[in-house]
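Next come the chains, spelled out residue by residue.
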Amino acid sequence: MYLQIKSVGPHAGMISHLLAKNPYNLYDRQEKGARVRLLFPVFTEQEMQVLLFVTPDPIDLVKGSPDSYDITNYINDREFVVSSLFCSYIRPALGTALNGKPKADYAQWVDYQFPLEISVGPVASNLPDDVLSSLFTALGYEVELERGESDYSFQLKKRSTIRVIHLRGEATIQNLLRQLFILLPVLDDYKHYYIGDEEVERLQRYGEGWLTMHPQHRLIVKRALRFMPLIRQYSASLPLETQDMLEQPEETQEVLEQSEDGSSERDGTASKAIAPEDHLHTSSSHVPTVSTDVVTDDTDATLETVPAAVHTVKAPRLNELRYQAVVEQIGVLPQRQTIVDFGAGEGKLSERLARIGGVKQVWAVEPSAYAGVRALERFADMQASGAGTVPQLATGSLFYRDDRWSGADVMILCEVIEHIDELRLPMVMRTLLDEYRPQTLILTTPNREYNAVYEMEQDDIRHTDHRFEWSRQQFADFCQEWSTYGGYKMNMHGIGEVSVEYGQPTQMAVFHKQGGKNK
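What you see is a predicted model; the values in this text were computed from it and never measured. (Residues numbered from 1 in each chain as written. Predicted model: local features only at pLDDT ≥ 70, side-chain atom pairs only at ≥ 80, totals over all residues. Heavy atoms only, no water.)

**Looking at the packing of aromatic side chains**
So, point 1. Across all of its chains, the model carries 16 aromatic pairs by this definition.
So, point 2. Seen from their ring centres, W482 and Y485 are 4.9 Å apart, and the 70 degrees between their planes marks the pair as edge-to-face. With W482 and Y485 both in helix α14 (residues 472-486) and three residues apart, the pair spans about one turn of that helix.
So, point 3. An aromatic cluster is present here, built from F468, W470, F475, F478, W482 and Y485 joined pairwise through their rings.
So, point 4. Its guanidinium or amino end placed over the ring of Y27, R29 lies 4.4 Å from that ring's centre, counting from NZ or CZ.
So, point 5. For R424, the ring lying beneath its charged end belongs to F399, and the centroid distance is 3.9 Å. (Phe/Tyr/Trp six-rings, centres within 6.5 Å; stacked < 30°, edge-to-face > 60°. Helix = DSSP H or I, 4+ residues; strand = E, 2+ residues; numbered from the N terminus. Lys NZ or Arg CZ within 6 Å of the ring centre and 35° of its normal.)

**Here's the deal with the sheet that holds strand β6 (residues 142-147)**
So, point 1. The sheet built from seven strands is open, its strands ordered β2-β3-β4-β1-β5-β7-β6 with antiparallel pairing. Both outer strands of the open sheet, β2 (27-31) and β6, are each paired with one neighbouring strand and no more. Averaged over all pairs of adjacent strands, the angle between strand axes in this sheet comes to 15 degrees, irrespective of strand direction.
So, point 2. Bridging between strand β1 (residues 2-8) and strand β5 (residues 114-124) involves six bridges; their strand directions are antiparallel. When the sheet's bridge partners are listed, S7 is paired in β5 with L116.
So, point 3. Relative to the sheet, helix α3 (residues 84-98) contacts β1, β2, β3 (34-43), β4 (47-56) and β5, its axis offset from that of β4 by approximately 130 degrees.
So, point 4. This element, helix α5 (residues 173-188), spans β1, β5 and β7 (162-171) of the sheet and lies at about 20 degrees to β5. (Pairing = 2+ DSSP bridges. Axes fitted to C-alpha atoms, helices over the stretch in contact; angles between N-to-C directions. Contact = heavy atoms within 4.5 Å.)

**Digging into the nonpolar core**
So, point 1. Of all hydrophobic cores here, the largest spans 71 residues; its most connected members are L3, F86 and F136.
So, point 2. Broken down by element, the residue count for this core peaks at 10 residues, all from α5.
So, point 3. Filtering out sequence-adjacent residues up to four positions away, L3 remains in contact with V50, L51, L52, F86, I90, L94, I118, S119, V120, L177 and L180.
So, point 4. The next biggest cluster of nonpolar side chains, apart from the first, holds 31 residues, and it includes F342, I420, Y436 and Y488. (Core = buried A, V, L, I, M, F, W, Y, C linked by side-chain atoms within 4.5 Å. Buried < 20%, exposed > 50% of the residue type's maximum accessible area, 1.4 Å probe, protein only.)

**Observations regarding the packing of helix α4 (residues 129-137) against α5**
So, point 1. Look at α4 against α5: their axes get within 12 Å of each other, and the N-to-C directions meet at 170 degrees. As judged from the angle between their axes, α4 and α5 are roughly antiparallel. Each of L132, L135 and F136 in α4 lies in contact with α5, whose residues at this interface are L180, L183 and L187.
So, point 2. Its residues assigned to classes, the contact of α4 with α5 comprises six nonpolar, no polar and no charged. (Parallel < 35°, antiparallel > 145°, perpendicular 65-115°, else oblique. Nonpolar A, V, L, I, M, F, W, Y, C, P; charged D, E, K, R; others polar.)

**A short note on the environment of L52**
So, point 1. Looking at where L52 falls in the secondary structure, it is placed in strand β4.
So, point 2. Discounting chain neighbours no more than four positions away, the residues touching L52 are M1, Y2, L3, V36, R37, L38, F86, I90, A93 and L94.

**Observations concerning the packing of α3 against α5**
A pair of packed helices is characterised by two quantities: the angle between their axes and the separation of those axes.
So, point 1. Here α3 crosses α5 at 165 degrees, and the two axes come no closer than 10 Å. In terms of axis orientation, α3 runs roughly antiparallel to α5. Seen along the crossing, α3 lies across α5 with a hand that is left-handed. On the side of α3, the interface is formed by S84, F86, C87, R91, L94, A97 and L98, while α5 contributes I173, Q174, L177, R178, L180, F181, L184 and P185. (Left-handed = near helix turned anticlockwise from the far one by under 90°.)

**A word on the pairing of β7**
So, point 1. Judged by how many residues are buried, β7 sits mostly within the fold: seven of 10 residues are covered.
So, point 2. Pairing analysis gives six bridges linking β6 to β7, with the strands arranged antiparallel. Each bridged residue has a counterpart across the sheet, and for V143 the counterpart in β7 is L167.

**Observations concerning the pattern of salt bridges**
Opposite charge on two side chains permits them to pair, given that their charged atoms come into close proximity.
So, point 1. If you walk through the whole model with that rule in mind, you get 16 salt bridges.
So, point 2. Ionic pairing is found between R467 and D421, a salt bridge with its closest N-O pair at 3.1 Å. Taken together, the residues span a long stretch of sequence, with R467 in the loop between β12 (440-446) and α14 and D421 in the loop between β11 (410-414) and α13 (425-436) at a distance of 46 residues.
So, point 3. We classify R467 as partly exposed; its relative accessible area is 28%. (Salt bridge = Lys/Arg side-chain N within 4 Å of Asp/Glu carboxyl O.)

**A few points about the side chain of T445**
So, point 1. One can find T445 in strand β12.
So, point 2. Overall, the relative accessible area of 0% leaves T445 in the buried class.
So, point 3. In this structure T445 touches E415, I417, E418, F475, T506 and Q507, once residues within four positions along its chain are discounted.

Written out as structure tokens, the structure is:
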């Protein structure tokens, strides 16, 4: 992770005094989980370049933490991209400039606008390029986004979602650092710490003088604070007209963003931008079986806006419709006593499955400890309320056999297969159809063709973690091949609002084993 600031012109050398750093000395500190270095590759009175470079230690970052056993610590990008974690290194290294408190001899330069060139990255953001750029152009910067080339031996992603941001413009050093301090976590949409009252104070302190005037004030605040009680607390300190803008319903807002990927992880296990399809207006009172990419169900935490063209009626979220579709399929099955929900997330689908009549056991299989804790809380509430069947949480994988799930009546992979490398899918299908052989297998996955309805670029995918997205024909061919292999009869279904040209946003395949329970 790095931040580079360059200035050429009269008084450029004064920036070292504002930063309170000797340009001829190396700043080298060992922080929690990272080595932080600051140096001046170029320094004269007319030209200055300063580089803050952070080398993470991913093992040290999780060492001693209660979740160090969580498998997700080994498969995420948190240690290597600019986020709130990077900002925690900015504060001790550049705190003097951030707070505008240099030595008295240099106090007059705090408000001086220097010609600056800034580079910061890598940034992992679910915001599309135009929205990301607009956050900085509104502050007077020229923006250039650099996207690295992905070099794989097979086609994993045609275009990396990681970008480096290059800015050019005039600004005070303090304002630049304050803006980055707020906007970098907003771009990343992740906080490595608890979000509470201190976050409101941080937004007020570092947003002073520029944030309330930003045209995307609402987007910034809601991605920074995330929860409505905190947003209302922040809003109460603002003028009335600004409060009204922050709290007006999402349906009345003009679109500010459409996510780079279009959705967030299942059950909100990752905090991503909401999928545009999840707010689609549906003209009929009953929506046909539905689904697409995963979306958080926490309405208060959903902070993005909805295209004006789809206001009329707020339909159920696509995630909810997907659950409804799966439940409807299982509800008519003659054999449904035991269900295994792979990739259960926070257990929202598992909870609904447990309430289906005739269901006696539900396994909620989830590798993430974070999501698992929330699932346990959900299941404990069910038990306290006297639910007849309560799901059982299990840590597991699709890549090895677990005897607990052998002979299950129903297995579900709801928005799961697209998160698996395409080359590894045959292994998963053989485990399901050869080893487990459920009576019924249900798969759902996004319909890539439907991305055109969301005005996504041809190479875009709905979520940054998707390894692939298939057209209707590709998914049908895949399912037909494996149904023949396993001795299953397979039916295809669509989920979501129908497009005559592109079908429905989610596709679902239901496999029924032929020949009865013991075949």
